[in-house]
Amino acid sequence: MRENLFFTAFVCLFKGIMYFCSKIIHHSFILHSFMSLLDLIQRRYSCRTYQPLGVEQEKIAYVMECVRLAPSAVNKQPWRFHLISEPADKAKLQECYDREWFKTAPLYIIASVLHDEEWVRADGKHHGDIDVAIAVEHLCLAATEQGLGTCWVCNFDAALLKERFALPADEEPAVVIPIGYPADEPRQKKRKPIGEILSA
Ligand SMILES: Cc1cc2nc3c(=O)[nH]c(=O)nc-3n(C[C@H](O)[C@H](O)[C@H](O)COP(=O)(O)O)c2cc1C
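Fair warning: this is a prediction, and the values are worked out from it, not measured in the lab.

(A) Main features of the overall build of the protein. Check the secondary structure of the protein and you find seven helices and four strands. The order of helices and strands in the protein, counted from the N terminus, is α-α-α-β-α-β-α-β-α-β-α. Of the contacts made within the protein by residues no fewer than 6 positions apart, 82% connect residues no fewer than 24 positions apart.

This is the structure in C-alpha cells:
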C-alpha cells in the first residue's frame, strides 16, 4: 500500500515536471522559432523608456550580424555603426538629443552614411540613406526578436554629433538608436489603411 502511494506520488511529480518543461519549450518556440515576420513587425514599437539594465554582448553581436547582412545598392554597404556605452560618450550623445526619455537607454548605436562609398544613380540620386535605413530596420527587428526595445531617432543635432564624436568629413550620422530592455508598453499602431497606400 505504502509503495503504491509512493509510486503514485512519484508519477504525479514526474508528470508535473514534464508539463512544466513542455510549457517552457512551447513558449520559447513561439517566441524565438516560430515568430512570423508579421508578428515581429507588430511587436516592434518606438520604445521611449528603458530599464536600468545592461544588454548582453551576445545579443548585441546577434543584432549586429543582422545589420551586417542587410542589402544595399550595388552592395556598397556605405555605412558605419558606433556602439555608445561609455558614460562620457553617452553624455555627449544625450547633448545632441536632449530628451529625458532618451537618457534612460543603457546603450546607443549611431548609424552613419559614408558618402564616399554610397552608390549614386546616373541621374544623381544618392542611395546611402536608403541603405542605412534598411540596415537600421534590420537592427530594430532583430532587437525586438531578442526582447529588446529600440527607437529610431533622427531629430538630433547632426552637426553637433559630428563634432562631438570627431566623425570624418564623408561620414554623416543618419540615425541614433537607443537600445535596451523596455520599461514602457507598446501603443496601438496608427497606420493608413491598405487601400490608401496600395494602388492596383
Ligand atoms: C526615420 C525616422 C525618424 C524618427 N525620428 C524620431 C525622433 O527623432 N524621435 C522620436 O521620438 N521618434 C522618432 N521616430 C519614431 C516615429 O515617431 C515612430 O516610428 C512612429 O510614430 C510610429 O510609431 P511606432 O514606431 O511605435 O510604430 C522616427 C522614426 C523614423 C522611421
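(B) Local environment of the nonpolar core. Residues Tyr-108, Ala-111, Val-136, Leu-139, Val-176, Ile-177 and Ile-179 are the most contacted members of the largest nonpolar core, which totals 32 residues. Those elements that provide at least two residues to this core are α3 (57-68), β1 (79-84), α4 (87-96), β2 (107-114), α5 (128-145) and β4 (171-180). With seven residues, α5 is the largest single contributor of residues to this core. Apart from residues lying up to four places away in sequence, Ile-177 is in contact with Tyr-108, Ile-109, Ala-111, Val-136, Leu-139, Cys-140, Thr-150, Cys-151, Trp-152 and Val-153.

(C) Representation of unusual backbone geometry within the structure. Located in the positive-phi region is Asn-75, a residue other than glycine, with phi close to 55°. Residue position: Asn-75 is located in the loop between α3 and β1. Of the residues examined, Asn-75 has 8 C-beta atoms within 10 Å and is grouped as exposed. One non-glycine residue, Gln-77, adopts positive backbone phi at about 50°.

(D) Structural view of the confidence of the model for the protein. When pLDDT is averaged across the protein, the result is 91; 84% of the residues are at 70 or more. Predicted confidence for residues 21-30 stays below pLDDT 50, and this span has two contacts to residues more than four positions away or in other chains.

(E) Examining the packing of α3 against α5 more closely. It is at 8 Å that the axes of α3 and α5 come closest, and there the two elements cross at 150°. In terms of crossing hand, the pair formed by α3 and α5 is right-handed. Packed against α3, whose contacting residues are Tyr-62, Val-63, Cys-66 and Val-67, the element α5 presents Ala-135, His-138, Leu-139, Ala-142 and Ala-143 at the interface. Counted by class, the contact of α3 with α5 contains eight nonpolar, one polar and no charged residues.

(F) Spatial organisation of the sheet that holds strand β3 (residues 149-150). Read across the sheet, four strands follow the order β1-β2-β4-β3 without closing on themselves; strand pairing throughout is antiparallel. Pairing within the sheet leaves two strands with one partner each, and these edge strands are β1 and β3. Judged from the six bridges that link them, β1 and β2 form a sheet pairing that is antiparallel. Paired with Phe-81 across the two strands is Ala-111, which belongs to β2.

(G) A look at the site of the ligand. Taken together, Tyr-45, Ser-46, Cys-151, Trp-152, Val-153, Cys-154, Asn-155 and Lys-189 make up all the residues around the ligand. Looking at the shell around the ligand residue by residue, the class counts come to five nonpolar, two polar and one charged.

(H) Just the pairing of β4, in detail. Counted residue by residue, β4 has eight buried out of ten residues, so it is predominantly covered. When β2 meets β4, the two strands line up antiparallel, connected through eight bridges. Residue pairing for β4: Ser-112 is matched across the bridge by Pro-173. Pairing of β3 with β4 involves two bridges; the strand directions are antiparallel. Directly across from Gly-149, in β4, lies its bridge partner Gly-180.

(I) Region of the structure containing α5. For α5, built from 18 residues, the straight-helix expectation of 26 Å at 1.5 Å per residue is met to within 8% by its first-to-last C-alpha distance of 26 Å. Turning to α5, its buried residues number three or more, namely Gly-128, Asp-131, Val-132, Ala-135, Val-136, Leu-139, Cys-140, Ala-142, Ala-143 and Thr-144. Residues of α5 that are buried make contact with α2 (37-43), α3, β1, β2, β3 and β4. Among the residues trailing α5, Gly-147 stands out with phi positive, at a value near 85°.

Procedures and definitions
- Each residue is numbered by its place in its chain's sequence as written, counting from 1.
- Totals for whole chains, interfaces and linings use every residue, but because this is a predicted model, local features are given only for residues with pLDDT of at least 70 and side-chain atom pairs only at 80 or more, for both listing and counting.
- What counts as a helix is a DSSP run of H or I of at least four residues, what counts as a strand is a run of E of at least two, and both are numbered from the N terminus.
- Throughout, a pair of residues is in contact if the C-beta atoms placed from their backbones lie within 7 Å.
- By definition, a nonpolar core groups buried Ala, Val, Leu, Ile, Met, Phe, Trp, Tyr and Cys residues that are joined through C-beta atoms within 7 Å.
- For every residue, the other C-beta atoms within 10 Å of its own C-beta are counted; 20 or more classify it as buried, 12 or fewer as exposed, and values in between as partly exposed. C-beta atoms are placed from the backbone.
- Scored between 0 and 100, pLDDT is the confidence that the predictor attaches to each residue.
- Each axis is a line fitted through C-alpha atoms, and for a helix only the stretch in contact is used; angles between axes span 0 to 180 degrees, taken between their N-to-C directions.
- A clockwise turn of the near helix away from the far one marks a right-handed crossing, whereas an anticlockwise turn of less than a right angle marks a left-handed crossing.
- Three residue categories are used. Nonpolar comprises Ala, Val, Leu, Ile, Met, Phe, Trp, Tyr, Cys and Pro, charged comprises Asp, Glu, Lys and Arg, and polar comprises the others, including Gly.
- Here, any two strands with at least 2 DSSP bridges between them count as paired.
- Using the backbone to place each C-beta atom, any residue with that atom within 6 Å of a molecule or strand is considered near it.
- Take the residue count of a helix, subtract one, and multiply by 1.5 Å to get its expected span.

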